[in-house]
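# An overview of the molecular structure
The primary structure of each chain is shown beneath.
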Amino acid sequence: MATIQFAINHLAHAMLINVLLPILLRTAKGPSSDVRILSTTSMGYGFHPRSGISFEELDAHSSMSRLMFGGWIRYGHSKLANILYAAELARRYPEITSISIHPGVVATDLMWNQSWQTRWFIHITCWIQGIKYLTPHQGCWNQVYCAAVAKNDELVNGGFYYPVGLHSPDKLDKAASDDKLAGRLWDWTQSVLQRF
Ligand SMILES: NC(=O)c1ccc[n+]([C@@H]2O[C@H](COP(=O)([O-])OP(=O)(O)OC[C@H]3O[C@@H](n4cnc5c(N)ncnc54)[C@H](OP(=O)(O)O)[C@@H]3O)[C@@H](O)[C@H]2O)c1
């Protein structure tokens, strides 16, 4: 069905959204309602497979192993799904504000639990790009801003947000901006979730 990473990072969130959707839609009908769904993605989405979402591997129950960078590719795959799914959700339910968010590079357990090689890779790529690590406290800023500080009409529904509060379609590659791929992911996701 999918890698564990894809199941946790994408399918589990999609399942939660499905469960909450009826009440979110009812709430959105209320006077001056402001219903938002924020999906935490990552600039690491860029490590996704060349095809974007690899439906063939998902359907083949493949572990998506690779000779090199397998962990990054599986992570990027799931994080691309977060971006596409948020955009598709906005297209299907415009009465709900649905956006995806990159929190920044944050010194959390996600980072410290990596192998030393991966930590060095992150360290070097951040150093080259002049990116400074955020503290976990700072790593919440983008989410808090988009959830509670920005007025609803200041947010672009379906958009991707870079810290802090910056709508950044320019940071999305072809796959992450592909409406057709997002629609296909939506259909694939619903067909999988129907079984549960
Ligand atoms: N840190 C960064 O630089 C960075 C950058 C971009 C995006 N993000 C995104 O930010 C989000 C949070 O990451 P973080 O940096 O806060 O990492 P974190 O401190 O390691 O937190 C990860 C959370 O995910 C939970 N989790 C891990 N594996 C799980 C599983 N198999 N089933 C259910 N829950 C599981 C953990 O639960 P337990 O505490 O119970 O283990 C923990 O609460 C992720 O979506 C990540 O992709 C992080």
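Below you will find a few notes about this structure. It should be emphasised that the depicted structure is a prediction, and the values quoted were computed from it without experimental measurement.

This brings us to the overall build of the protein chain. Regarding its fold elements, the protein chain presents 7 helices and 4 strands. Principal-axis analysis of the C-alpha atoms gives the protein chain an extent of 50 × 40 × 30 Å. Looking at the protein chain as a whole, 43% of its 196 residues are labelled buried. The long-range share in the protein chain, meaning contacts at least 24 apart out of those at least 6 apart in sequence, stands at 77%. Computed over 17 positive and 14 negative side-chain charges, the separation of the two mean positions in the protein chain equals 4 Å.

On the surface, Met15, Leu16, Val19, Leu20, Ile23 and Phe196 cluster together into a nonpolar patch covering about 600 Å² of accessible area. For leucine 16, the location among the structural elements is in helix 1 (residues 4-28).

As a further point, take the pattern of salt bridges. Side chains bearing opposite charge may pair, as long as their charged atoms lie close to each other. Following the criterion strictly, the structure yields 6 salt bridges and no others. Notably, a salt bridge pairs arginine 36 with aspartate 34, separated by 2.7 Å at the nearest N-O pair. Judged by its relative accessible area of 19%, arginine 36 is buried. Residue classification places aspartate 34 among the partly exposed residues on the basis of a relative accessible area of 39%. Between glutamate 88 and arginine 92 there is a salt bridge, with the nearest N and O atoms lying 2.8 Å from each other. Taken as a pair, glutamate 88 and arginine 92 lie in helix 3 (residues 70-92) at a separation of 4 residues, close to a single helical turn. Assessed through its relative accessible area of 37%, arginine 92 is described here as partly exposed. Connected via shared salt-bridge partners are Glu88, Arg91, Arg92, Asp179 and Asp187.

Now for the pairing of strand 2 (residues 97-101). Across the 5 residues that make up strand 2, a large majority, 5, are buried. Burial along strand 2 is two-sided: the residues Thr97, Ile99 and Ile101 and Ser98 and Ser100 are all buried. One ladder, built from 5 bridges, connects strand 1 (residues 36-40) with strand 2; its direction is parallel. Within strand 2, the position partnered with threonine 40 by the bridge is isoleucine 101. Across 2 bridges, strand 2 lies against strand 3 (residues 160-162) in parallel orientation.

Rules used throughout
- Residues numbered from 1 in each chain as written.
- Predicted model: local features only at pLDDT ≥ 70, side-chain atom pairs only at ≥ 80, totals over all residues.
- Heavy atoms only, no water.
- Helix = DSSP H or I, 4+ residues; strand = E, 2+ residues; numbered from the N terminus.
- Buried < 20%, exposed > 50% of the residue type's maximum accessible area, 1.4 Å probe, protein only.
- Contact = heavy atoms within 4.5 Å.
- Lys, Arg positive; Asp, Glu negative; His and termini not counted.
- Charge placed at Lys NZ, Arg CZ, Asp CG, Glu CD.
- Patch = residues over 30% accessible without salt bridge, like charges linked within 9 Å, V, L, I, M, F, W, Y side chains within 5 Å.
- Areas by Shrake-Rupley, 256 points an atom, 1.4 Å probe, with all protein chains shown as cover.
- Salt bridge = Lys/Arg side-chain N within 4 Å of Asp/Glu carboxyl O.
- Pairing = 2+ DSSP bridges.

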